[in-house]
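# Survey of secondary and tertiary structure
Residues per chain, in single letters:
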Amino acid sequence: MNSVNDTGAVAGPAAEQTSYIHRLRGLAVTGLVATLVAVATTTVAAALARAVGVDFEIPDGGETIPLAGFAVVTGFLSVVGVLIAAALLRWSAPLLSGGDTATIAALFGLHLVPAAVMIPTLTRGLRARTN
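Note that the structure is predicted; figures quoted are calculated from it, not measured. (Residues numbered from 1 in each chain as written. Predicted model: local features only at pLDDT ≥ 70, side-chain atom pairs only at ≥ 80, totals over all residues. Heavy atoms only, no water.)

### Quick notes on the side chain of threonine 74
Selection rule: In this description a helix means any DSSP run of H or I spanning at least four residues, a strand means any run of E spanning at least two, and both kinds are numbered starting from the N terminus. For every residue, the accessible area (1.4 Å probe, protein chains only) is compared with the maximum for its type, and the residue is labelled buried under 20%, exposed over 50%, or partly exposed between those bounds. We call two residues in contact whenever any of their non-hydrogen atoms come within 4.5 Å of each other.
Position of threonine 74 relative to the elements: it lies in helix 2 (residues 67–96). With relative accessibility at 16%, the residue threonine 74 sits in the buried group. Every residue in contact with threonine 74, bar those within four places of it in the chain, is listed here: Ala38, Val39 and Thr42.

### Some points on the confidence of the model for the protein chain
Here is the rule: Values of pLDDT, ranging from 0 to 100, describe the predictor's confidence in every residue of the model.
On average, residues of the protein chain score 83 in pLDDT, and 85% of them are at 70 or above. Highest mean pLDDT in the protein chain belongs to helix 1 (residues 13–51) (90); lowest belongs to strand 1 (residues 3–4) (50).

### Quick word on the side chain of threonine 35
How we decide: The term polar contact refers here to a pair of N or O atoms within 3.5 Å; inside protein, the definition further demands a hydrogen-donor-capable atom paired with an acceptor-capable atom, and it admits residues adjacent in sequence only when both atoms are side-chain atoms.
Note on placement: threonine 35 falls in helix 1. Among the polar contacts listed, one links the side chain of threonine 35 to the backbone oxygen of glycine 31, at a separation of 2.7 Å. Once residues within four sequence positions are removed from consideration, threonine 35 is found in contact with Gly75, Ser78, Val79 and Val82.

Below you can see the structure in the form of structure tokens.
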């Protein structure tokens, strides 16, 4: 399927692929910068917390979470977030095309409902199984 863009030129599948690749590269760069900032910020925040007396000791194990642990976990999960964003970049437009603002806002808001149920429930379940 071809479409006419703002310049009047016909945009076909090759142009759409090029546009997607350009947007994906931009997302990757933005995601990398955001990941580095998140890693640095989280590590500094953990260092400051440690400086004021937070020991980050894990109960029952006696081990202390090292500052590098905060950096590694933050970096890994940030990269996972960037990969999810890349998937959304690829597949969200067809899924939401044609939806009005209210529909899109409601769909985004409805993602908070299962999160509000799942996160506290799983947290309680993890606590119950570790005690």
